[in-house]
Amino acid sequence: RVDRRQRQMCIRDRCYPIVPENNFPGTAYRMPTACVYIDSNVTLSRSCVIGNSTAIGSSTVVGPDTTIDRSVIGRSCKIGSSVTISDSFIWDNVIIEDGVSISQALICSGAVIKSKAKIPKGCVLSYNVVIGPGVELNPFEKFWVPSDIAESNDLQPDGSGRLWQKRAPNFTELVPNEGDVLTSKQTNPKQSKTEAVEYVTELEKFKMEAEETMRRAIKKQHSHENVAVELNALKFAYPDATWVDCSSCVFYVILDSIVDGKELTAKEIVTELSSCLKIWAPLWNRIGLNKEDQIDFIFKIQEYCERPQNAKFRLIFQNIVQFLYDNEILEEDSILGWRSELEDVEDSEEKKYLNMCEDFLEWLADADEEDEEEGDDDDDKNDNDDGDKNDGDDGDDEIDDLSL
């Protein structure tokens, strides 16, 4: 499944500095506009539209009235007219005929998509798959071309490809054989081979240690300075961890501590949360989150609220965001940036948190407009004051002349 948010985080956290503008051997990317990368010998029709976060490989041809947005296009692709491509990855030597629509899909090298076909969200076309004219795939379908494609072709008559079916797992052995190598430790050295084996990633280890650090800090009332030093040391001990992970661990523990073994109403939780954030807000000043980190932090809070045991926090999501803003943990631009990202999402389930914050977001947007208007008024006032001052100076000159 191609998810825009996960793709952005992957590019920012994993791929840098391997970005198109570095022009590694074999590439000659230029950046005509922000976040648009065009390699050499690319032919773009005058009426085509290339949106942000898009890269187009060398020798690719894009036809008239075609729109490409937030996508990566490989080398030597041929894209016809009136084509729409968004949030997708198109590999090398792909042919896309007129009127095709592709959204949130992965198209491998050598694939051919004939006129007016529709490739919806989550679809994957493997090497050399051919989609016939006017064919509309179902979301998340995957097609490939096996060696015996002539015997079973699911895209007949004008296409070529077989629908990939996930094979059922082999349950003939439920435990490892004697001598099998395990990639992680068992929880108990004396554990028998019939017991479950626990696999823990480095990031999961970091989160467990960071949350334990915060629990200990709350219990023993450690200073913000000491907690920040411990979290900083933990982050550098685990290279995969980010400041967003630090912030989310801290905030999760604060929320857990509020309802720890207590039956509280939503109103009581709001009161407790307000008090806790006033105590611990200075810790975020020492962690330091930029705008993108703050947006990711809001999405992390969403994930926390989605847990079944945290339904009460889901009800006060607007209060949570507002308290974080009031305590200067989240900035206005970050909250409005989070809103703009969710506005592009079609899934109503994804937008429910946006709807919860509707009143606060409207107030925030209105306050932003008022600040801009006040700024304009101040500029006008300063201009008028400067003009009056200049007039006064002219008058003094006249008096001096008369005196002479």
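Quick notes on the rules
Residues numbered from 1 in each chain as written. Predicted model: local features only at pLDDT ≥ 70, side-chain atom pairs only at ≥ 80, totals over all residues. Heavy atoms only, no water. Pairing = 2+ DSSP bridges. Helix = DSSP H or I, 4+ residues; strand = E, 2+ residues; numbered from the N terminus. Phe/Tyr/Trp six-rings, centres within 6.5 Å; stacked < 30°, edge-to-face > 60°. Buried < 20%, exposed > 50% of the residue type's maximum accessible area, 1.4 Å probe, protein only. Lys NZ or Arg CZ within 6 Å of the ring centre and 35° of its normal. Core = buried A, V, L, I, M, F, W, Y, C linked by side-chain atoms within 4.5 Å. Contact = heavy atoms within 4.5 Å. Salt bridge = Lys/Arg side-chain N within 4 Å of Asp/Glu carboxyl O.

A. Just the sheet that holds strand 13 (residues 101-103), in detail. What the five strands build is an open sheet, ordered 4-7-10-13-16; its pairing is parallel. One side of each edge strand has no neighbouring strand; the edge strands of this open sheet are strand 4 (49-50) and strand 16 (118-119). Of the strand pairs in this sheet, strand 10 (residues 84-86) and strand 13 are connected by three bridges, and their pairing is parallel. Pairing of Thr84 across the sheet is with Ser101, part of strand 13.

B. Spotlight on the environment of Glu328. Locating Glu328 in the fold gives a position in the loop between helix 8 (317-326) and helix 9 (332-343). Through-space distance from the C-alpha of Glu328 to that of Asn285 is 8.6 Å; in sequence the pair is 43 residues apart.

C. Geometry of the packing of aromatic side chains. What the rule picks out here adds up to 12 aromatic pairs. Between the aromatic rings of Trp284 and Phe297, the centroid separation amounts to 6.3 Å while the plane-to-plane angle is 40°, which identifies the pairing as tilted. Residue Trp284 is located in helix 5 (residues 266-287), and its partner Phe297 is located in helix 6 (residues 291-306); the two are separated by 13 residues in the primary sequence. Taken individually, Trp284 and Phe297 each receive the classification buried, so the pair is uniform in this respect. Pairwise contacts between aromatic rings join Phe251, Trp284 and Phe297 into one cluster. Over the ring of Phe236 we find Lys235, and its NZ or CZ is 5.0 Å from the ring centre. A cation over an aromatic ring shows up here: Arg307 above the ring of Tyr252, its NZ or CZ 4.9 Å from the ring centre.

D. Region of the structure containing the nonpolar core. Counting residues in hydrophobic clusters, the biggest one holds 57 residues, and the most contacted among them are Phe251, Trp284, Phe297, Phe317, Leu324 and Trp338. Examining the composition of this core, we find that 10 residues originate from one element, helix 5, more than from any other. Not counting residues up to four positions away in its chain, the partners in contact with Phe317 are Ile298, Ile301, Gln302, Cys305, Trp338, Tyr353, Met356 and Cys357. Of all hydrophobic cores here, the second largest spans 30 residues; its members include Val83, Ile107, Val129 and Phe143.

E. View of the pattern of salt bridges. Applying the stated criterion to the full structure yields 10 salt bridges. For Arg70, the salt bridge goes to Asp87, with nearest N and O atoms at 2.9 Å. With a gap of 17 residues between them, Arg70 in the loop between strand 7 (67-69) and strand 8 (72-73) and Asp87 in the loop between strand 10 and strand 11 (89-90) connect regions that are remote in the sequence. Judged by relative accessible area, Asp87 falls into the buried class, the value being 7%. The partner of Glu202 in a salt bridge is Lys205, and the shortest N-O contact between them spans 3.4 Å. Of this pair, Glu202 and Lys205 are both found in helix 2 (residues 202-220), three residues apart, which corresponds to roughly one turn of the helix. Owing to a relative accessible area of 32%, Lys205 belongs among the partly exposed residues under this scheme. Three or more residues joined by partner-sharing salt bridges are found here, namely Asp69, Arg70 and Asp87.

Keep in mind these numbers describe shape, not what the thing actually does.
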